[in-house]
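Survey of secondary and tertiary structure
Residue-level listing of the chains:
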Amino acid sequence: MKRSSSRWATCVIGLGLLSGLVACGEMTQAMTGMPKSDTAASAGTGVNAFTAPGWQSGDVKSWGEQLKTRAQYGQNDHTRSH
Amino acid sequence: MARMKFICDAERCIECNGCVTACKNEHEVPWGVNRRRVVTLNDGVPGEKSISVACMHCSDAPCMAVCPVNCFYRTDEGVVLHDKDVCIGCGYCSYACPFGAPQFPSQGTFGVRGKMDKCTFCAGGPEANGSQAEFEKYGRNRLAEGKLPACAEMCATKALLAGDGDVVADIMRNRVVQRGKGAEVWGWGTAYGTKAGEGAKS
């Protein structure tokens, strides 16, 4: 009887130590949910006062054409002078 | 789909620092942080060459590869952006970047390093386009306004070109053909993958 109770005690202490070790374990370091998604530039800002005229917000094609036109007009001085 | 790229024409850059000023003003960049700067080679020697340097938004960006918290992302237009809410300011990206683009504000006690700041190609960040939060963290989102980066649009000699890779390469090629020299586009090969000295390719 005395022997079995000491076995029980050993078992309980062992389980306690084991659960203590589990509690001291490292937290998961996996990255989740990153990076954030970003709204496409072609979606516009919704602020008409600062938006350049000549394209439609949300239309990728017209946005791309707007930037191409702006680059040609603003940066290609050869085509403007010849 | 447009692929946004920068080119600086060293034959035209006059080291006026107009691009640097335009950038700082447009985005209200804090003191001590320069998203763009002008580098002069052989300064003071006849034939010196200047180029305007910032984040080139590399095709295979080394900053993205080394970031331990994966705060970088690339937009559909090829612009490399980062999320300041995720950045831990470790500085790995500044060691990896061949252009010295990542900047770190150091205004705190003991010169503590803040979150990384860099050129956004005037495309803001992950916050809502044109929002106050986006402006405070990343500056103006000119791309979403249908405009090109302020540095290039402000350049007096049109040395700094920004926009769709096809368009800017075409402009540069046209210039080289007209003047018959200055085909070397410094940084183009490193950023976009063509060999140095080959010149601009779309």
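It should be emphasised that the depicted structure is a prediction, and the values quoted were computed from it without experimental measurement. (Residues numbered from 1 in each chain as written. Chains lettered and ligands numbered in written order. Predicted model: local features only at pLDDT ≥ 70, side-chain atom pairs only at ≥ 80, totals over all residues.)

1. A closer look at the overall build of chain A
For chain A, the helix and strand inventory stands at 3 helices and 0 strands. For chain A, the α and β elements follow one another from N to C terminus as α-α-α. Residues counted as buried form 15% of the 82 residues belonging to chain A. (Helix = DSSP H or I, 4+ residues; strand = E, 2+ residues; numbered from the N terminus. Buried ≥ 20, exposed ≤ 12 C-beta atoms within 10 Å, placed from the backbone.)

2. Topic: the overall build of chain B
When its secondary structure is counted, chain B shows 7 helices and 6 strands. Listed by position from the N terminus, the elements making up chain B come as β-α-β-β-α-β-β-α-α-α-β-α-α. Counting every position in chain B, which comprises 202 residues, the buried fraction comes to 45%. Contacts spanning at least 24 positions in sequence make up 55% of the contacts within chain B whose residues lie at least 6 apart. (Contact = placed C-beta atoms within 7 Å.)

3. What about the packing of helix 2 (residues 60-75) of chain A against helix 6 (residues 165-179) of chain B?
Two quantities define a packed helix pair, namely the angle between the axes and the distance from one axis to the other. At their nearest, the axes of helix 2 of chain A and helix 6 of chain B sit 10 Å apart, and the two run at 20° to each other. With respect to helix 6 of chain B, the axis of helix 2 of chain A lies roughly parallel. The handedness of the crossing between helix 2 of chain A and helix 6 of chain B comes out as right-handed. Together, K68, A71, Q72 and Q75 of chain A of helix 2 of chain A and V167, V168 and I171 of chain B of helix 6 of chain B make up the contact between the two elements. The residue makeup of the contact of helix 2 of chain A with helix 6 of chain B, split by class, is 4 nonpolar, 2 polar and 1 charged. (Axes fitted to C-alpha atoms, helices over the stretch in contact; angles between N-to-C directions. Parallel < 35°, antiparallel > 145°, perpendicular 65-115°, else oblique. Left-handed = near helix turned anticlockwise from the far one by under 90°. Nonpolar A, V, L, I, M, F, W, Y, C, P; charged D, E, K, R; others polar.)

4. A word on the interface of chain B and chain A
At the junction of the two partners, chain B supplies 36 residues and chain A supplies 30 residues. Elements with a minimum of two residues in the side of chain B that touches chain A: strand 4 (72-74), helix 5 (150-154), strand 6 (160-164) and helix 6 of chain B. When residues in the side of chain B that touches chain A are grouped by element, the largest group, 6 residues, is from helix 6 of chain B. Of the residues that constitute the side of chain B that touches chain A, the class distribution is 18 nonpolar, 9 polar and 9 charged.

5. Observations concerning the confidence of the model for chain B
Atom-level detail of predicted coordinates should not be read off regions where pLDDT is low. Of the residues in chain B, 93% reach a pLDDT of 70 or more, and the chain-wide mean stands at 91. This complex was scored by the predictor with a pTM of 0.83 and an ipTM of 0.87. (pLDDT = per-residue confidence, 0-100.)

6. Regarding helix 1 (residues 18-27) of chain B
Residues and elements named next belong to chain B. Within the span of helix 1, buried status applies to C19, C23, K24 and H27. The buried residues of helix 1 occupy one face: seen down the axis, they fall within an arc of 130°. Buried positions along helix 1 lie against strand 3 (49-53), helix 5 and strand 6. (Arc of directions from axis to C-beta.)

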